[in-house]
Amino acid sequence: MQRVDNLDDDRGIHTTPAVIEPGHDFGTVTDKISSIVLRKRTPLGWFVGFLISFMLTGMMMGTILYLVMTGIGIWGNNQPVGWAFDIINFVWWIGIGHAGTLISAILLLLRQEWRTSINRFAEAMTLFAVASAGLFPLLHTGRPWLAYWLFPYPNTMGMWPQFRSPLMWDVFAVSTYATVSALFWYTGLIPDLATLRDRARSKFGRVVYGMMALGWRGSARHWHRYEITYLLLAGISTPLVLSVHTIVSFDFAVGIIPGWHATIFPPYFVAGAIYAGFAMVLTLVIPLRKFYGLEDFITERHLRNAAKVMLATGLIVAYGYMMETFTAWYSANTYEEFMIRNRFFGPYAFYYWSLLVCNVVVPQLLWIRFVRHSTVALFVIAMFVNVGMWLERFVIIPISLHRDFLPSSWGMYSPTIFDFTMFFGTIGFFFFLMFLFLRFLPVISIFEMRTMVPEAQLPEEKLP
Amino acid sequence: MRKQTRPPTYGLIAEFESPGDVIAAAERVHEEGYRRVDAYSPYPIEALSEAIGVHHSRLPLMVLIGGIIGGLAGYLMQYYLLVINYPLNVGGKPFHSWPQFVPITFECAVLGAALTAVFGMLALNGLPEPYHPVFNAPNFALASRDRFFLLIMSTDPKFEREQTAGFLKSLGPREVTDVEY
């Protein structure tokens, strides 16, 4: 196995940075990562960030309270645009979550060792993004306290959910995804929780981490089954993550609205999800490694690889936009053609062209080496993609709905203040959970990092 | 041979500093015929579990069965509810419109397999287990940092306190100690 592959370019100018900086051993890796959690003093910056995100969470709670008391009429969606911010934000968040599963599962199966330093963090991102996503369809039901009607349970009404509907598929897909992501994340945490239990100085810490570690003691017999489980979960999660965004795209593709009814949707949505997710990974990881001094573990190599994944998936997404346009023309269908013309030159044309700038034009800068090597440039491009992927869902959902078949039933859509408080509220909620995670759980998988240090190489592996 | 119903200690534990040493020691212990043996390491080492004779696991088969049960349950639930119990004409489609049952069947299969994998692993490992004698070994807290341990249980038929301790010491550990209950 290659641990430090500086060998791919012996000219010595453009060497690839290592996955883990030299000079680390089992002990230093353990101490460095666990000290973020176990240190007594919480950094001031953490409190500032936590407070801001907590206030935004409060704003979200206030919006939800008002919504539950009043009804979803407080949002801007109404006929003919029945789906707007709620579904845009749902798809946006779910998409962001997908990069976490991609990193933890698919890259594990592909033996991409660089994933090790960011997988824990990315899995947490998945969980919190799915938690934020789930709120939107839940509240959009209008009576969230009856949301359990979506699950098949024997009831006095003698009725059952309609399993032929993509919306029911979505219920099963998203709830399965949330469950499996949580299991995967917790399974990965068990050995690290044992490390924290053994290293915590306070009695309270030892007890709490001890309970969460379930009595893990690092037995070789346990590790054997643990590795099997981890690999199987990765194998199971890989088709799962592809199925989830496929099913999300079915919510649209199974409908007959021009702009929704397209066979390209599943792959195009999956690529878009990974694109958005890697942009969010970069958005979060670049400040994180700086503030917590984790440059040794989350190296330039990780940022560059993430940039390359973004470039590749961004091109797939651009191909999707192109094919949507081509299909509309090639179909010779008036409504499809009109849908594209309406996107290009209609009342919301500004958003369509902004989407192309954010998602197609700006990321092309990633072809240039020094852009990929500049942390600041990567952060800025990632922000463009975050915005662009939100705009993409805006273009697909309200712009397709506001003018479909009959001009007499056309209308305009504009969000209300509560659409925005809800959206920014969930961003706050996401960061609120993220800050708690940073403070109380190891942000990098410690036991997997131990396998990466030179000490872990066994004598026979060192032989050529 | 032994008068006590329970041996006085849980076993003997040897502490090592590098993965290479503990693997070599584990291989020797296995060759010597000890079978009630366990090794402890801060990260998974395939060679170590193989050295103490762990090769196969029932887990993959269990996960397969869990996935099949989940998938079958998902499909049969839809079949029973939409064909037998509550048939509803939707857009003129047949009641048994199986292609539309595929997504939920798949999700249920994944859920069944994932739940079996995690809870099966925990069950086979006997976790959660809040107390275990091995935690009494000195320095054992370092097993989750940078130390490696090799344990021979006193219930092993070949276990003889003095002789086994001498044998373990010959394998070049930092220390060999008794593990109290």
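Residues numbered from 1 in each chain as written. Chains lettered and ligands numbered in written order. Predicted model: local features only at pLDDT ≥ 70, side-chain atom pairs only at ≥ 80, totals over all residues. Heavy atoms only, no water.

**Some thoughts on the overall build of chain B**
Here is step 1: Along the backbone of chain B there are 5 helices and 4 strands.
Here is step 2: Reading chain B from its N end, one meets helices and strands in the order β-α-β-α-α-α-β-α-β.
Here is step 3: Against the globule reference of 16 Å for 181 residues, chain B gives a C-alpha radius of gyration of 25 Å, more extended than a compact globule.
Here is step 4: Taken across its 181 residues, chain B has 49% of its residues classed as buried. (Helix = DSSP H or I, 4+ residues; strand = E, 2+ residues; numbered from the N terminus. Rg over C-alpha atoms; globule rule 2.2 N^0.38 Å. Buried < 20%, exposed > 50% of the residue type's maximum accessible area, 1.4 Å probe, protein only.)

**Section: the interface of chain B and chain A**
Here is step 1: Contact residues are listed per partner, giving 66 residues for chain B and 57 residues for chain A.
Here is step 2: When chain B packs against chain A, close to 5300 Å² is buried across both sides, 69% of that on carbon and sulfur atoms.
Here is step 3: Contact with chain A buries surface across chain B, with P44(B), E107(B) and R145(B) losing the most and accounting together for 12% of the total.
Here is step 4: At the boundary of chain B and chain A, one finds 2 salt bridges.
Here is step 5: Across the salt bridge formed by R217(A) and E129(B), the nearest N and O atoms sit 3.0 Å from each other.
Here is step 6: Here chain B is connected to chain A by 24 residue pairs in polar contact (both at pLDDT 80 or more).
Here is step 7: Looking at the side of chain B that touches chain A, the elements with two or more residues in it are helix 1 (19-31), strand 2 (37-40), helix 2 (46-51), helix 3 (59-85) and helix 4 (102-124) of chain B.
Here is step 8: Among the elements that take part in the side of chain B that touches chain A, helix 4 of chain B stands out by supplying 16 residues, more than any other.
Here is step 9: For the side of chain B that touches chain A, the residue count by class is 46 nonpolar, 13 polar and 7 charged. (Contact = heavy atoms within 4.5 Å. Buried area = accessible area lost by both parts, 1.4 Å probe. Salt bridge = Lys/Arg side-chain N within 4 Å of Asp/Glu carboxyl O. Polar contact = N/O pair within 3.5 Å; in protein donor to acceptor, adjacent residues only side chain to side chain. Nonpolar A, V, L, I, M, F, W, Y, C, P; charged D, E, K, R; others polar.)

**Observations regarding the layout of surface pockets**
All names here are of chain A.
Here is step 1: The computed volume of the second largest pocket comes to approximately 970 Å³.
Here is step 2: Lining of the second largest pocket is provided by 34 residues; of these, T141, A147, L150, L167 and V171 occupy positions nearest its centre.
Here is step 3: Broken down by element, the residue count for the lining of the second largest pocket peaks at 7 residues, all from helix 5 (residues 166-199). (1 Å grid on protein atoms, 1.4 Å probe; cavity = no way out; pocket = protein on both sides within 12 Å on 5 of 7 lines; lining within 4 Å. Points joined across faces, edges and corners; volume = space filled by probe spheres on them.)

**Some words on the environment of S237(A)**
All names here are of chain A.
Here is step 1: With respect to the helices and strands, the residue S237 is situated in helix 7 (residues 220-253).
Here is step 2: By relative accessible area, S237 is classed as buried at 2%.
Here is step 3: Sequence separation between S237 and T28 is 209 residues; the distance between their C-alpha atoms is 32 Å.
Here is step 4: If sequence neighbours within four positions are ignored, S237 has contacts with T101, A105, V180 and F184.
Here is step 5: Reaching out from S237, the side chain makes a polar contact with the backbone oxygen of L233 at a distance of 2.7 Å.

**Brief notes about the environment of P133(B)**
All names here are of chain B.
Here is step 1: Inspection of the secondary structure assignment puts P133 in the loop between helix 4 and strand 3 (148-153).
Here is step 2: Taking relative accessible area as the criterion, P133 reaches 10% and is therefore assigned buried.
Here is step 3: The residues touching P133, leaving out its near neighbours within four places in the chain, are Y10, V179, E180 and Y181.

**Digging into the packing of aromatic side chains**
Residues and elements named next belong to chain A.
Here is step 1: Applying the stated criterion to the full structure yields 60 aromatic pairs over all chains.
Here is step 2: Judged by centre distance (5.4 Å) and plane angle (75°), the ring pair of W92 and F423 falls under edge-to-face. Highlighted residues: W92 in helix 3 (residues 85-109) and F423 in helix 15 (residues 417-440), separated in sequence by 331 residues.
Here is step 3: For W92, a relative accessible area of 5% corresponds to the buried category.
Here is step 4: Residue classification places F423 among the buried positions, given a relative accessible area of 9%.
Here is step 5: Here the aromatic rings of Y335 and F405 are separated by 4.9 Å at their centres, their planes lie at 75°, and the arrangement is edge-to-face. Here F405 lies in the loop between helix 14 (398-402) and helix 15 and Y335 lies in helix 10 (residues 334-345), a separation of 70 residues in the sequence.
Here is step 6: Look at F405 and you get partly exposed, because its relative accessible area is 31%. (Phe/Tyr/Trp six-rings, centres within 6.5 Å; stacked < 30°, edge-to-face > 60°.)

**What to know about the domain arrangement of chain B**
Here is step 1: Domain boundaries in chain B define domain 1 (11-55 + 132-179) and domain 2 (59-124).
Here is step 2: The C-alpha centroid of domain 2 of chain B is placed 44 Å from the C-alpha centroid of domain 1 of chain B. (Domains from an automatic or database assignment.)

**Focus: the pattern of salt bridges**
Here is step 1: Counted according to the given criterion, the structure contains 19 salt bridges over all chains.
Here is step 2: We note a salt bridge from R145(B) to D31(A), for which the minimum N-O separation is 2.5 Å. Taken together, the positions of R145(B) in the loop between helix 4 and strand 3 and D31(A) in helix 1 (residues 26-38) put the pair across two chains.
Here is step 3: Note on D31(A): relative accessible area 25%, which makes it partly exposed.
Here is step 4: Overlapping salt bridges bring together D31(A), R199(A), R145(B) and D146(B) as one network.

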